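Now for the letters of each chain:
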Amino acid sequence: AQSVTQLDSQVPVFEEAPVELRCNYSSSVSVYLFWYVQYPNQGLQLLLKYLSGSTLVKGINGFEAEFNKSQTSFHLRKPSVHISDTAEYFCAVSDTGTASKLTFGTGTRLQVTL
Amino acid sequence: DGGITQSPKYLFRKEGQNVTLSCEQNLNHDAMYWYRQDPGQGLRLIYYSQIVNDFQKGDIAEGYSVSREKKESFPLTVTSAQKNPTAFYLCASSNPSEKLFFGSGTQLSVL
């Protein structure tokens, strides 16, 4: 079984500032890692995913994440945020055998202000 | 356009009543999922189905039931046995080893 820990429930940040949303996971097997974004009263959209290969993954809307196997982390970053990035962000993990059956973290609310 | 449709957007349940949430997809995906979202708890898997006429319990299946008679449809029934049904319910679908596509959700509240 896998588990995901998102260390920050809320992250306030000013527009155009950089941001990092933290995600740590635990698993006894190889994993796939994902970040999803949820805008108010909507479903989730995939931001980016790590399946294999380069540990630095680039996603949509200028986000990127780095897989660190030794630290079991998959932190999400953006060098300059916009007001429109205000949303809930979820980190998720699956084992490579059941890639679509995800375990989600509790989410981080990114609040961008002027 | 292809996608996942959840209905209704808002649903109210009276005590002792069963209610059914609809989820339809036209993406030709084999697998479909139901998640429950509570504030501060993220998403928890209720049921999932990887093929028609087959489904498995997720982490919090008690008080819920599903069916998968057609590839496109995966309705979720919240039974009277579910004592705390108020939550945001999300349906998702995918093909094996591919990303999940989510519907826009149903907010269920108890009257």
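About the cut-offs
- As a convention, each chain's residues are numbered from 1 in the sequence order in which they are written.
- The order in which chains are written sets their letters, starting at A; the order in which ligands are written sets their numbers, starting at 1.
- The predicted nature of this model means local features are confined to residues of pLDDT at least 70 and side-chain atom pairs, given and counted, to a pLDDT of 80 or more, with totals for whole chains, interfaces and linings taken over all residues.
- Hydrogen atoms and water are omitted, and side-chain values are computed over all heavy atoms in the structure.
- Our working definition of a disulfide is a cysteine sulfur pair at a distance within 2.5 Å.
- A run of H or I in DSSP becomes a helix once it reaches four residues, and a run of E becomes a strand once it reaches two; helices and strands are each numbered from the N terminus.
- Whether a residue is buried, partly exposed or exposed follows from its accessible area with a 1.4 Å probe, protein chains only, as a fraction of its type maximum: under 20%, in between, or over 50%, in that order.
- Pairing of aromatic side chains requires ring centres within 6.5 Å, counting the rings of Phe and Tyr and the six-membered ring of Trp. Pairs whose planes differ by under 30 degrees are stacked, by over 60 edge-to-face, and all others tilted.
- A 3.5 Å cut-off defines polar contacts: any pair of N or O atoms within that distance qualifies, except that in protein one atom must be a possible hydrogen donor and the other a possible acceptor, and neighbouring residues in sequence count only when both atoms are side-chain atoms.
- The contact criterion used is simple: two residues touch if any of their non-hydrogen atoms lie within 4.5 Å.
- Here the buried area means the combined drop in accessible surface, using a 1.4 Å probe, for two parts upon being joined, counting both sides.
- Basic side-chain nitrogens of Lys or Arg form a salt bridge, by our definition, when they fall within 4 Å of a carboxyl oxygen of Asp or Glu.
- Amino acids outside the nonpolar list (Ala, Val, Leu, Ile, Met, Phe, Trp, Tyr, Cys, Pro) and the charged list (Asp, Glu, Lys, Arg) are all regarded as polar, and Gly is one of them.
- Here, any two strands with at least 2 DSSP bridges between them count as paired.
- Whenever a helix is involved, its axis is fitted only over the stretch in contact; in every case the axis is a line through C-alpha atoms, and angles between N-to-C directions fall within 0 to 180 degrees.

**Q** Would you take a moment to explain the state of the cysteines for this structure?
**A** A disulfide bridge is the covalent bond that connects two cysteines by way of their sulfur atoms. All names here are of chain A. Inspection of the entire model under this criterion finds two disulfides over all chains. Shown here is the disulfide that connects C23 with C91, its sulfur atoms set 2.0 Å apart. On the sign convention where negative means left-handed, the S-S torsion of about -65° between C23 and C91 marks this disulfide as left-handed. Taken together, the positions of C23 in the loop between β3 (19–21) and β4 (24–26) and C91 in strand β10 (residues 87–95) put the pair 68 residues apart, joining distant regions of the chain. In this pair, the class of C23 matches that of C91, namely buried.

**Q** Looking at this structure, how should I read the packing of aromatic side chains?
**A** By convention here, two paired aromatic rings are described through the distance between centres and the angle between planes. Under the counting rule described, the total for this entry stands at 14 aromatic pairs over all chains. Look at A:F104 and B:F102: their rings are 6.2 Å apart centre to centre, the planes differ by 75°, and that puts the pair in the edge-to-face class. With A:F104 in strand β11 (residues 103–104) and B:F102 in strand β10 (residues 101–102), the pair connects residues from two separate chains. Note on B:Y33 and B:Y48: the rings are 6.2 Å apart at their centroids and 15° apart in plane angle, and the pair reads as stacked. Residue B:Y33 is located in strand β4 (residues 31–38), and its partner B:Y48 is located in strand β5 (residues 42–51); the two are separated by 15 residues in the primary sequence. A single burial state applies to B:Y33 and to B:Y48, both of which are buried. Grouped by ring-pair contacts, the aromatic residues A:F34, A:Y36, A:F90, A:F104, B:Y33, B:Y35, B:Y48 and B:F102 constitute a single cluster.

**Q** Even after reading the chapter, I still don't get the side chain of A:H75, so can you show me in this structure?
**A** All names here are of chain A. Structurally, H75 can be placed in strand β9 (residues 73–78). Among the residues examined, H75 registers a relative accessible area of 13% and is labelled buried. Separated by 2.9 Å, the side chain of H75 and the backbone nitrogen of C23 make a polar contact. Residues contacting H75, with those up to four places away along its chain left out, are E20, L21, R22, C23, N24, W35, E64, A65 and E66.

**Q** Explain the interface of chain B and chain A to me, please; I cannot follow it from the model alone.
**A** For an interface, size is often stated in terms of accessible area lost upon the parts coming together. Contacts between chain B and chain A engage 22 residues on the former and 15 residues on the latter. Counting each side, the surface lost to burial between chain B and chain A is near 1,500 Å², with a carbon and sulfur contribution of 59%. Counting every contact that joins chain B to chain A gives zero salt bridges. At the junction of chain B with chain A, the criterion picks out three residue pairs in polar contact (both at pLDDT 80 or more). For the side of chain B that touches chain A, the leading source of residues is β5(B), giving four residues. Along the lines of polarity and charge, the residues of the side of chain B that touches chain A split into 10 nonpolar, nine polar and three charged.

**Q** Looking at this model, I keep getting lost on the sheet that holds strand β7 (residues 64–66) of chain B. Mind explaining?
**A** The pairing of strands in a sheet happens through backbone hydrogen bonds and is either parallel or antiparallel. Residue and element names in this part refer to chain B. Pairing in this open sheet of four strands is antiparallel, and the strands run β1-β3-β8-β7 from one edge to the other. Looking at which strands have only one partner, the edges of the open sheet turn out to be β1 (4–7) and β7. Mean inter-strand twist for the sheet, computed between neighbouring axes without regard to direction, equals 20°.

**Q** Explain the environment of A:G62 here, please?
**A** Residues and elements named next belong to chain A. If you trace the backbone, G62 turns up in the loop between β7 (56–58) and β8 (64–68). Each C-alpha atom of the pair G62 and T103 lies 24 Å from the other, and the pair is 41 residues apart in sequence. G62 has contacts with R77, K78 and P79, leaving out every residue within four places of it along the chain.

**Q** Explain the side chain of B:T79 to me, please; I cannot follow it from the model alone.
**A** Looking at the element boundaries, B:T79 is found in the loop between β8 (76–78) and β9 (87–94). Residues in contact with B:T79, not counting those within four places in the same chain, are B:R13, B:Q17, B:N18, B:G63, B:Y64 and B:S65.

**Q** Please clarify how the environment of A:T113 should be interpreted in this entry.
**A** Residues and elements named next belong to chain A. In this fold, T113 is placed in strand β12 (residues 108–113). Considering only alpha carbons, one finds T113 and V81, 32 residues apart in sequence, at a separation of 9.6 Å. Apart from the residues within four sequence positions on either side, T113 is in contact with V13, F14, E15 and I83.

**Q** Explain the pattern of salt bridges to me, please; I cannot follow it from the model alone.
**A** Proximity of charged atoms lets side chains of opposite charge pair with each other. On inspection of all chains with the given rule, the structure shows eight salt bridges over all chains. Close ionic contact of A:R22 with A:D8 constitutes a salt bridge, the shortest N to O distance being 3.0 Å. Highlighted residues: A:R22 in the loop between β3 and β4 and A:D8 in the loop between β1 (3–5) and β2 (10–14), separated in sequence by 14 residues. B:D30 serves as the salt-bridge partner of B:K71, at 3.3 Å between the closest nitrogen and oxygen. Placement of B:K71 in the loop between β7 and β8 and of B:D30 in the loop between β3 (19–25) and β4 is noted, with a sequence separation of 41 residues between them. Look at B:K71 and you get partly exposed, because its relative accessible area is 24%. Bridged by salt links that share partners, the residues A:E20, A:E66 and A:R77 form one connected network.

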